[in-house]
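Structural overview
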Amino acid sequence: MTITNYFTAAIIAVAPSALMAGDYTLVPEPHEYHDYGAELSVGIRADEDSNSEVTVTSSVHLPVYGAFGVQTDLDFSENNADFVQLGATIHGTYDVNDYVAVGAFYGQNGYNGASISHQGIEGSVDFGFMEVSGVAGLMEHQIEYYNIDGSFNVFTDYTAGLKFDHIKSLKTVTSVYASRSLNNNFDVEFRVQDVEDTQ
């Protein structure tokens, strides 16, 4: 079981940005409808074995033409065992309508001098009171991964969610989270994760 705190703030208010803090299991976060703008998130993680990690993630999503957009993600993390990760991902996005968005992505992640690429497809459906999103992808060495994330608007400015991440032959992560929007540009999230190694 891993207990994680996340703090997220939008740094460019082109449009109100949604909470996109991930749990950093190599699985990119899906694009959300008209989520244009930029975001900076800082995650602080700790678990019962005294392991800790700090993660900084930035994302910029811009319209290109009509319903097409492009998104870039950069992330950095370091834990108390001096394990360092640096990653970059680019997304091509398409807003099907006011409720459905789809996309494809390609990225590279580096770990203490080694690197691995990943690519895949993503999508989200916004029902108003609830949003469901997902990612399916492939890493080098034919490692498959996917995630499914469902979030619910509990009260005004309060959201609760459940997320499931799976990386074949590596790990499965189940997350329960709650967030509060303090204003249009700043959210705070608390997340509890159960991490299971599947090697």
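Residues numbered from 1 in each chain as written. Predicted model: local features only at pLDDT ≥ 70, side-chain atom pairs only at ≥ 80, totals over all residues. Heavy atoms only, no water.

Quick look at the packing of aromatic side chains now. Enumeration over the complete set of coordinates arrives at two aromatic pairs. Their ring planes at 45° and their centres at 4.8 Å tell us that Phe-68 and Tyr-94 sit as a pair that is tilted. Remark: Tyr-94 occurs in strand E5 (residues 84-95) and Phe-68 occurs in strand E4 (residues 68-79); sequence separation between them is 26 residues. Classification of Phe-68 by relative accessible area gives partly exposed; the value is 45%. When its relative accessible area of 34% is taken as the criterion, Tyr-94 is described as partly exposed. Considering the side-chain rings of Tyr-146 and Phe-164, the 6.2 Å spacing of their centres and the 40° angle between planes classify their relative orientation as tilted. Placement of the pair is Tyr-146 in strand E9 (residues 143-155) and Phe-164 in strand E10 (residues 158-167), with a sequence separation of 18 residues. You can call Tyr-146 partly exposed: its relative accessible area is 35%. Over the face of the ring belonging to Tyr-177 we find Arg-191, whose NZ or CZ atom lies 4.6 Å from the ring centre. (Phe/Tyr/Trp six-rings, centres within 6.5 Å; stacked < 30°, edge-to-face > 60°. Helix = DSSP H or I, 4+ residues; strand = E, 2+ residues; numbered from the N terminus. Buried < 20%, exposed > 50% of the residue type's maximum accessible area, 1.4 Å probe, protein only. Lys NZ or Arg CZ within 6 Å of the ring centre and 35° of its normal.)

What follows deals with the side chain of Ser-59. Looking at the secondary structure, you find Ser-59 in strand E3 (residues 52-65). Within polar-contact distance, the side chain of Ser-59 engages the side chain of Asp-73 at 2.8 Å. (Polar contact = N/O pair within 3.5 Å; in protein donor to acceptor, adjacent residues only side chain to side chain.)

It is worth spelling out the pairing of E9 at this point. Judged from the ten bridges that link them, strand E8 (residues 130-139) and E9 form a sheet pairing that is antiparallel. Looking at the pairing, Gly-137 lines up with Tyr-145 of E9. The loop that links E8 with its antiparallel partner E9 comprises three residues; one of these, His-141, has a positive phi angle of about 65°. Judged from the ten bridges that link them, E9 and E10 form a sheet pairing that is antiparallel. The residue of E10 that forms the bridge with Asn-147 is Asp-165. Taking the residues that link successive antiparallel strands as the turn, the E9-E10 hairpin has two residues, and the phi of Asp-157 there is positive, at about 75°. (Pairing = 2+ DSSP bridges.)

To continue, consider the pattern of salt bridges. If you walk through the whole model with that rule in mind, you get two salt bridges. For the salt bridge of Lys-163 with Asp-165, the shortest nitrogen-to-oxygen distance reads 4.0 Å. By relative accessible area, which is 1% here, Lys-163 ends up buried. The residue Arg-191 makes a salt bridge to Glu-189 at a minimum N-O spacing of 2.6 Å. Side by side, Arg-191 and Glu-189 carry an identical accessibility label, which is buried. (Salt bridge = Lys/Arg side-chain N within 4 Å of Asp/Glu carboxyl O.)

Moving on: a nonpolar patch on the surface. A cluster of nonpolar side chains, Phe-127, Phe-129, Val-132, Tyr-146, Ile-148, Phe-152, Val-154, Phe-155, Tyr-158 and Phe-164, forms an exposed patch at the surface whose accessible area comes to about 960 Å². Going through the elements one at a time, E9 and E10 are the ones with two or more residues in the nonpolar patch. Per-element accounting of the nonpolar patch gives the leading share, five residues, to E9. Relative to the helices and strands, Val-154 resides in strand E9. In this structure Val-154 comes out as partly exposed when scored by relative accessible area, which is 44%. (Patch = residues over 30% accessible without salt bridge, like charges linked within 9 Å, V, L, I, M, F, W, Y side chains within 5 Å. Areas by Shrake-Rupley, 256 points an atom, 1.4 Å probe, with all protein chains shown as cover.)

Following the sequence through the fold, Tyr-65 ends up in strand E3. Tyr-65 gets classed as exposed once you look at its relative accessible area, which sits at 67%.

Take it as geometry only, folks, not as evidence of what the structure does.
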